[in-house]
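# Remarks on the overall topology
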Amino acid sequence: MTDLDIDLIVFDGTCIFCSGFARFMARNDRKARFRFVTAQSEKGRVLYHRYGLDPDLMETNIVIVDGVAHVKMAAFAAAVRAIGWPWRLFAVLGYIPQPLSDWLYDRIARNRYLFGRRKCVLPSDELRGRIVD
């Protein structure tokens, strides 16, 4: 099975927002569609390189749905669209023009550690069984 054969979320495991997003997705993905990879893992670093991203900056989650990789706000929109109602309503954020949505996303990503970092990266019960490494 390759990385594109499964729906996958690559996230920064030390970022409070990113790891919170992964826990949210695991909890609300009722069909267990997504698997998860931390950006700090070897597989996560390989995926960052594959999609032309710097794995040391970890400025975005990568969401792969149906073999297509999404980043930044498009990643969030693709993820919530895939888990269905009522969360699918938030996919409307994917319709913000890309220059504006990238600008907004980049502002949050650059300042994400101001709110703290997870010192001990222990996944939730929902997430633990779905981490791929």
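Residues numbered from 1 in each chain as written. Predicted model: local features only at pLDDT ≥ 70, side-chain atom pairs only at ≥ 80, totals over all residues. Heavy atoms only, no water.

## Focus on helix α1 (residues 16-28)
End to end, α1 covers 18 Å across 13 residues, agreeing with the expected 18 Å (1.5 Å per residue, within 8%). Considered for burial, the residues of α1 that qualify are Cys 18, Ser 19, Phe 21, Ala 22, Phe 24, Met 25, Ala 26 and Asn 28. (Helix = DSSP H or I, 4+ residues; strand = E, 2+ residues; numbered from the N terminus. Expected span 1.5 Å × (residues − 1). Buried < 20%, exposed > 50% of the residue type's maximum accessible area, 1.4 Å probe, protein only.)

## Some details on unusual backbone geometry
With an omega of 0°, the peptide bond between Trp 85 and Pro 86 qualifies as cis. Inspection of the secondary structure puts Pro 86 in the loop between α3 (72-83) and α4 (98-110). Here Ala 32, not a glycine, exhibits a phi torsion of approximately 50°, which is positive. With respect to the secondary-structure elements, Ala 32 resides in the loop between α1 and β2 (34-38). According to the relative accessible area criterion, Ala 32 is partly exposed, its value standing at 32%. Positive phi, close to 50°, is recorded for Asp 66, a residue that is not glycine. Tracing the sequence through the fold places Asp 66 in the loop between β3 (62-65) and β4 (68-71).

Any link to function would need more than the numbers given here.
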